[in-house]
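Spelled out, the chains give:
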Amino acid sequence: MDWNYVALIAVAAALLLVMIQRTEPKRRRLTIFFVAICLLLIRHNAFLKADLHEETLLAFVIALLLSFVFWLLIGRYNPVKSEDSVHVLGMDD
C-alpha cells in the first residue's frame, strides 16, 4: 500500500467535501456538481487507471472522517451566513 497516494487523495477529497459544507445554501447545488466531477476524476485516475483500489477506498473513507470532524468541531458552531447578512469591517456604507 502506497501511503503517499492515500494522503494525497484523502486531503484533496476532504478539502472538496469541506468546500460543500462551507458553501452558501443558495449556491450549494453548483458546488455539489463541481465537487462530484472532481471526485469522479480523482476516482477515475487513481482507482481505474493507476490500479490503486485499496488506496483510493481508504483515502475516501479518511476524507469522509476528516470532513465529519471538521463539521463536528467547526461547522456546527459557525454556520455559513447568507451573502446578504455578511458585513465587511471598515466599510462606510
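Residues numbered from 1 in each chain as written. Predicted model: local features only at pLDDT ≥ 70, side-chain atom pairs only at ≥ 80, totals over all residues. Heavy atoms only, no water.

Quick notes on the overall build of the protein
To keep it simple, the criterion reads: The numbering of helices and of strands both runs from the N terminus, where a helix is a DSSP run of H or I of at least 4 residues and a strand a run of E of at least 2. Here the globule rule is a power law, 2.2 Å times the number of residues to the power 0.38, and the radius of gyration is based on C-alpha atoms. Think of it in three bands: residues with accessible area under 20% of the maximum for their type are buried, residues over 50% are exposed, and the middle band is partly exposed, with areas taken using a 1.4 Å probe on protein chains only. Throughout, a residue-residue contact means that at least one pair of heavy atoms, one from each residue, lies within 4.5 Å.
The helix and strand tally for the protein stands at three helices and zero strands. Written out in order from the N terminus, the α and β elements of the protein read α-α-α. Relative to the globule expectation of 12 Å for 93 residues, the C-alpha radius of gyration of the protein, 16 Å, shows a markedly less compact shape. With the principal axes as the frame, the protein shows a C-alpha extent of 55 × 25 × 20 Å. For the protein, with 93 residues in total, the buried portion stands at 25%. The contacts of the protein with a sequence gap of at least 6 include a subset with a gap of at least 24, amounting to 69%.

Details of the pattern of salt bridges
Rules: For salt bridges, the criterion is a side-chain nitrogen of Lys or Arg within 4 Å of an Asp or Glu carboxyl oxygen.
Taken as a whole and judged by the stated rule, the model has one salt bridge. The residue Lys 26 makes a salt bridge to Glu 24 at a minimum N-O spacing of 3.9 Å.

Examining a nonpolar patch on the surface
Going by this rule: Excluding any residue in a salt bridge, patches collect residues exceeding 30% relative accessible area, merging like charges within 9 Å and nonpolar Val, Leu, Ile, Met, Phe, Trp and Tyr side chains within 5 Å. In these tables, accessible area is a Shrake-Rupley quantity obtained with a 1.4 Å probe, and a residue counts as shielded only by the protein chains included in the view.
A contiguous nonpolar patch, built from Phe 68, Val 69, Trp 71, Leu 73 and Ile 74 and spanning about 470 Å² of accessible area, is present on the exposed surface. Assignment of secondary structure puts Leu 73 in helix H3 (residues 53-75). Look at Leu 73 and you get exposed, because its relative accessible area is 59%.

Quick word on the packing of aromatic side chains
Spelled out, the test is: Here a Phe, Tyr or Trp ring, Trp counted by its six-membered ring, pairs with any other such ring whose centre lies within 6.5 Å, and the pair is stacked when the planes are under 30 degrees apart, edge-to-face when over 60, and tilted otherwise. As a reminder, the over-ring test applies to NZ of lysine and CZ of arginine, requiring each to be within 6 Å of the ring centre and within 35 degrees of the ring normal.
Taken as a whole and judged by the stated rule, the model has one aromatic pair. With a centroid separation of 5.8 Å and 35° between ring planes, the pair formed by Phe 68 and Trp 71 is classed as tilted. One end of the pair, Phe 68, and the other, Trp 71, are both in helix H3, three residues apart, so they sit about a helical turn from each other. With a relative accessible area of 36%, Trp 71 lands in the partly exposed category. Positioned above the aromatic ring of Trp 71 is the side chain of Arg 76, whose terminal nitrogen or guanidinium carbon lies 5.6 Å from the ring centre.

Shape descriptors only; they carry no functional weight alone.
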